[in-house]
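Single-letter residue listing:
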Amino acid sequence: MSHPKREADLDVLIVGAGFAGMYMLYRARKLGLKGRVFERGDGVGGTWYWNRYPGARCDVESMQYSMQFDPDLEQEWEWTERYAPQPEILDYANHIADRYELRSDIRLSCPVRAAHFDEKAALWRVTVGDGNGSGETLTARFVVMATGCLSQPNKPGVEGMDDFRGPIYHTGEWPKEGVDFTGQRVGVVGTGSSAIQAIPIIAEQAGHLTVFQRTPNYAVPAHNGPIDPEMVEQVKANYREIREKAKTMPAGIAFDLRDVSAFEADDAERRRQFQSRWDYGGLTFLGCFNDLLLDEEANRFAADFVREKIREIVHDPATAEMLCPDNIIGCKRLCVDTGYYRTFNRDNVSLVDIAETPVERLTATGLRVDGRDYAFDAIVFATGFDAMTGALLNIDIRGRGGERLRDKWDGGPRNYLGLSMHGFPNLFTVTGPGSPSVLTNMLPSIEQHVEWIADCIGHMDANGRDLIEAEPEAEDSWVDHVNEVSGLSLRSTCSSWYVGANVPGKPRVFMPYIGGFPAYAEKIRDVVANGYEGFRLS
Ligand code: N01
């Protein structure tokens, strides 16, 4: 049972009804606390609610991209494909909402606008609602931001957005009813993971598809298909061991990482290894050698291999060259595809390089690049997200002394362990910047954070503490550590959303913690074992 010393509407106010928010509610209830989730969408599922674009699916295999807090749930849920498609993951999220009877404490279509810390009352005052007069302000002892890492769409500020007479879509805000592109002239801007999944399917429907590419991307085949029932049986029989093994891996995913340098193999052996991973499919490609993300020359072996594949697959040599990236493979998130490169062999697909000549503007009939007008019936922006910080900064969050989070993070995110900020007591972020988050399998990382936060709140209530706040020194040294380790990997070296490069004006900081899931897990465990070291409890 809770023993709230301060009168509040809620013990735990949770922002977002994705897997993180729902699990936080579940854990809050287990502590006997009054929790409630506020969600801007009209359904649960977070990322999987919004990203309904054609071809959307997870690039972590289904048996691992799943919650593990309840062994019964693990056993009873049946995935149908090796990589789960978006509708199935959304069904899974809805199943969780129903199975654990969470819906009564989830307010849908109810965005959180502001969260202000009231120092006198030692409570958060949180404004929720549509902002048209129907909003309300609630008090809460704790606020948990379960707002997701990739949830604030990045919409390029292209001139003339209102001029285009046809529909404009963003992959991260896809209409629920779906879109039928049959016979249409379609333009897609962007060639990241979302575009790479959507393009092959849009191409099958469209009369003509034009893809506007600013930076080519590396993609490895998914080799998706129906899930193998024997494998499922084996995994279900050994789920605990598999989950525990996953926690010893840097990405929190149990897969085969070879602890061999690319330089220990000769050319033939390297090719054999790359080919076997290419044939297997998926993100394990980068686990072929242990220095692919540490050494540029080693990385070039892998990049050359994929470039060769692109040249083999794409018939037109000029298009193939345009599709060949020249940067570090894995620096931007590696894409996992189904037929992406071969889509460019279709007669109804063309590729336009906009690296030097950005989209000038939208016009009534399409868009203009380098003085040339392209006519479309529909335009799709697959331009990604204001990642990791966007959704948080979209809410007017103010801590002690009215300090705005936006000001605190003016030069990039600053927090302790990706969980908590000095100046913002009793406010937690699930998979916040400064935690492994997007570099790992998100669901175990979500569970790890939610459990840590729930245990922390339980500890405070059991010990009669009202407030927890990161110490400024602990925060500074964590931020320094996050920056220091990011420099060890090639991942921090290119213009990716990891460093905020996709959003004009965003500070360039490598946002996720690259030290790996096990090192991070040990750190946050030690913090607790040492009496919440680095936090002030009062
Ligand atoms: O977004 P992105 P995404 N003009 O930022 C281009 C996860 N995810 O939605 O590279 C023209 O990767 C931009 O160009 P550039 C996954 O973690 C996972 O595709 O910045 N182009 C890029 O090509 C992923 O990494 C899955 O030069 C502009 C594209 O738009 C993350 O979400 C599936 C532009 C954006 O690519 C984000 O993926 C989907 C502009 N003004 C997503 N602005 C899975 O498989 C941006 N671009 C699980």
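Residues numbered from 1 in each chain as written. Predicted model: local features only at pLDDT ≥ 70, side-chain atom pairs only at ≥ 80, totals over all residues. Heavy atoms only, no water.

Trainee: Looking at this structure, how should I read the overall build of the chain?
Mentor: A count of helices and strands for the chain gives 16 helices and 20 strands. The dimensions of the chain, computed from C-alpha atoms along their principal axes, are 70 × 55 × 45 Å. Every one of the 538 residues in the chain was classed for burial, and the buried ones make up 59%. Of all intrachain contacts in the chain linking residues separated by at least 6 positions in sequence, the fraction that spans at least 24 positions is 71%. When the accessible surface of the chain is split by element, carbon and sulfur atoms take 47% of a total near 21900 Å². In the chain, 57 positive and 79 negative side-chain charges are present, and the distance between their average locations comes to 4 Å. (Helix = DSSP H or I, 4+ residues; strand = E, 2+ residues; numbered from the N terminus. Buried < 20%, exposed > 50% of the residue type's maximum accessible area, 1.4 Å probe, protein only. Contact = heavy atoms within 4.5 Å. Areas by Shrake-Rupley, 256 points an atom, 1.4 Å probe, with all protein chains shown as cover. Lys, Arg positive; Asp, Glu negative; His and termini not counted. Charge placed at Lys NZ, Arg CZ, Asp CG, Glu CD.)

Trainee: I would appreciate a short explanation of helix α5 (residues 193-205) in the present structure.
Mentor: What sets the pattern is the α-helix's 3.6 residues per turn: residues three or four places apart point alike. A maximum bend of about 35° is found in α5 at I199, where proline P200 lies one to four positions downstream. Turning to α5, its buried residues are S194, A195, I196, Q197, A198, I199, P200, I202 and A203. (Bend = angle between axes of the 7 residues up to and from the residue.)

Trainee: Before we go on, may I ask you to explain the packing of aromatic side chains in this structure?
Mentor: When we look at a pair of aromatic rings, we describe it by the centre distance and by the angle of the planes. In total, this model carries 37 aromatic pairs according to the counting rule given. Geometrically, the ring pair formed by Y169 and W174 is tilted, given 5.2 Å between the ring centres and 35° between the ring planes. Given a relative accessible area of 6%, W174 falls into the buried group. When the centroid spacing of 4.8 Å and the interplanar angle of 45° are considered together, the rings of W478 and Y513 count as tilted. Here W478, found in helix α15 (residues 472-486), pairs with Y513, found in the loop between α15 and α16 (517-529); they are 35 residues apart in sequence, far enough to count as distant. This pair shows no difference in class: W478 is buried, exactly as Y513 is. Here a set of aromatic residues connected by ring pairs shows up, and it is made of F142, Y416, F428, W452, Y532 and F535. Positioned above the aromatic ring of Y49, the side-chain terminus of R52 is 4.7 Å from the ring centre. We note R82 situated over the ring of Y280; from NZ or CZ to the ring centre the distance is 4.6 Å. (Phe/Tyr/Trp six-rings, centres within 6.5 Å; stacked < 30°, edge-to-face > 60°. Lys NZ or Arg CZ within 6 Å of the ring centre and 35° of its normal.)

Trainee: What's the story with the site of the ligand in this structure? I'm lost.
Mentor: Near the ligand you find 24 residues, and of these S194, R214, T215, K332 and W497 are the closest. Between the ligand and R57, the relevant distance is 3.4 Å, taken from an oxygen atom to a main-chain nitrogen or oxygen of the residue. The separation between an oxygen atom of the ligand and a polar main-chain atom of A382 is 3.3 Å. Burial of the ligand by the protein chains amounts to 88% of its free accessible area of 900 Å². By residue class, the composition of the shell around the ligand is nine nonpolar, ten polar and five charged. (Near = heavy atom within 4 Å. Polar contact = N/O pair within 3.5 Å; in protein donor to acceptor, adjacent residues only side chain to side chain. Nonpolar A, V, L, I, M, F, W, Y, C, P; charged D, E, K, R; others polar.)

Trainee: Sorry if this is basic, but what is going on with the sheet that holds strand β8 (residues 185-189) here?
Mentor: Strand pairing in a sheet relies on backbone hydrogen bonds. The paired strands run either parallel or antiparallel. Strand order in the open sheet formed by five strands is β7-β16-β8-β9-β12, with parallel pairing between adjacent strands. Each end of this open sheet is capped by a strand with a single partner; those strands are β7 (168-170) and β12 (349-353). Pairs of neighbouring strands in the sheet enclose a mean axial angle of 20°, with direction left out of account. (Pairing = 2+ DSSP bridges. Axes fitted to C-alpha atoms, helices over the stretch in contact; angles between N-to-C directions.)

Trainee: What's the story with the state of the cysteines in this structure? I'm lost.
Mentor: Structurally, a disulfide amounts to a covalent bond that connects the sulfur atoms of two cysteines. Under the counting rule described, the total for this entry stands at one disulfide. Bridging C331 to C494, the disulfide has an S-S length of 2.3 Å. Looking along the S-S bond of the C331-C494 disulfide, the torsion reads about -120°, which is the left-handed sense. Note that C331 is positioned in the loop between α10 (317-323) and β11 (335-337) and C494 in the loop between α15 and α16, a separation of 163 residues in sequence. (Disulfide = S-S within 2.5 Å.)

Trainee: Can you walk me through unusual backbone geometry in this structure?
Mentor: Negative phi characterises most residues that are not glycine, and trans characterises most peptide bonds. Of note, the phi angle at E101 is positive, near 50°, even though the residue is not glycine. The topology assignment puts E101 in the loop between α4 (86-99) and β3 (106-107). For A122, which is not glycine, the phi dihedral falls at a positive 55°. As for its placement among the helices and strands, A122 is situated in the loop between β4 (112-118) and β5 (123-128). For A122, a relative accessible area of 13% corresponds to the buried category.

Trainee: It is not clear to me how the nonpolar core should be interpreted in this structure. Could you clarify?
Mentor: Nonpolar side chains in soluble globular proteins tend to end up buried together. Counting residues in each nonpolar core, the largest one holds 81 residues, and the members touching the most others are F19, W452 and F535. Here this core takes ten residues from helix α14 (residues 442-462), the largest share from any one element. Contact partners of F535, with chain neighbours within four places excluded, come to Y416, L417, S420, W452, I468, E469, A470, E471 and V527. (Core = buried A, V, L, I, M, F, W, Y, C linked by side-chain atoms within 4.5 Å.)

Trainee: Would you mind going over the pattern of salt bridges with me for this structure?
Mentor: Opposite charge on two side chains allows them to pair when their charged atoms are near. The tally for this structure, following the rule as stated, stands at 36 salt bridges. One salt bridge connects D461 with R141, and the closest N-O pair in it is separated by 2.9 Å. With D461 in helix α14 and R141 in strand β6 (residues 136-145), this pair connects stretches of sequence that are 320 residues apart. With a shortest N-O distance of 2.7 Å, R311 and E321 are connected by a salt bridge. (Salt bridge = Lys/Arg side-chain N within 4 Å of Asp/Glu carboxyl O.)

Trainee: Looking at this model, I keep getting lost on the packing of helix α8 (residues 267-280) against helix α9 (residues 296-313). Mind explaining?
Mentor: When two helices pack together, you describe them by how their axes are tilted relative to each other and by the distance separating the axes. Running from N to C, α8 and α9 cross one another at 60°; their axes reach a closest spacing of 11 Å. With respect to each other, α8 and α9 are oriented oblique. Note on packing geometry: the crossing formed by α8 with α9 is right-handed. Each of R270, R271, F274, Q275 and W278 in α8 lies in contact with α9, whose residues at this interface are F301, A302, F305, V306, E308, K309 and I313. (Parallel < 35°, antiparallel > 145°, perpendicular 65-115°, else oblique. Left-handed = near helix turned anticlockwise from the far one by under 90°.)

Trainee: Can you help me understand the side chain of R36 in this one?
Mentor: Summarising the element assignment, R36 is placed in strand β2 (residues 35-38). This buried residue, R36, is left without a salt bridge; D105 holds the nearest opposite charge, at 4.5 Å.

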